[in-house]
Amino acid sequence: QEKSEQLEAELGQLKTAHHELEEKYADAERKLQNDDMEDRIEDLESTNEELQSKADELEGKFDEANRKIKMLEDDLSKAESKCDELESKTKELEIELTNLN
């Protein structure tokens, strides 16, 4: 009977040790998952910073392109006005030439 009690005590100790190991394993697994999640968050934050930088760069290029378009539109408007002015002057000169003949 003493042997049986000793075996039961050892079995209880083994069960306790097994339970403690399972808890430690679960804790380690949670820690790994948290570490993986933290790494993933860091990667996403880094990617977000890169994308924000590229977006800022593209926004600057877009603003510069819009500025150039506005300048070209202004130049076109001036050229059209000058063309209208010259066309009008040409008609005046044609009329004057016709009157001279």
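Caption draft 1: How the structure looks around the overall build of the protein chain. Along the backbone of the protein chain there are one helix and zero strands. Dimensions of the protein chain, computed from C-alpha atoms along their principal axes, come out at roughly 145 × 15 × 10 Å. The buried share among the 101 residues of the protein chain stands at 0%. Accessible surface, the protein chain: about 9,700 Å² in total, of which carbon and sulfur atoms supply 53%. Mean positive and mean negative side-chain charge positions of the protein chain (15 and 33 charges, respectively) differ by 6 Å.

Caption draft 2: Here's a closer look at the pattern of salt bridges. According to the stated counting rule, one finds six salt bridges in the structure shown. Lys-31 serves as the salt-bridge partner of Asp-35, at 3.2 Å between the closest nitrogen and oxygen. Here Asp-35 pairs with Lys-31, and both are found in helix 1 (residues 2-100), just four residues apart, close to one helical turn. When the shortest N-O distance is used, the salt bridge between Glu-57 and Lys-61 registers 3.4 Å. Remark: Lys-61 and Glu-57 occur in helix 1; sequence separation between them is four residues, near one turn of the helix. Exposure remark for Glu-57: the relative accessible area of 46% places this residue in the partly exposed category.

Caption draft 3: Local environment of a negative patch on the surface. A surface patch of negative charge is lined by Asp-36, Glu-38, Asp-39, Glu-42, Asp-43, Glu-45, Glu-49 and Glu-50. Here Glu-45 shows up in helix 1.

Rules behind the numbers
Residues numbered from 1 in each chain as written. Predicted model: local features only at pLDDT ≥ 70, side-chain atom pairs only at ≥ 80, totals over all residues. Heavy atoms only, no water. Helix = DSSP H or I, 4+ residues; strand = E, 2+ residues; numbered from the N terminus. Buried < 20%, exposed > 50% of the residue type's maximum accessible area, 1.4 Å probe, protein only. Areas by Shrake-Rupley, 256 points an atom, 1.4 Å probe, with all protein chains shown as cover. Lys, Arg positive; Asp, Glu negative; His and termini not counted. Charge placed at Lys NZ, Arg CZ, Asp CG, Glu CD. Salt bridge = Lys/Arg side-chain N within 4 Å of Asp/Glu carboxyl O. Patch = residues over 30% accessible without salt bridge, like charges linked within 9 Å, V, L, I, M, F, W, Y side chains within 5 Å.

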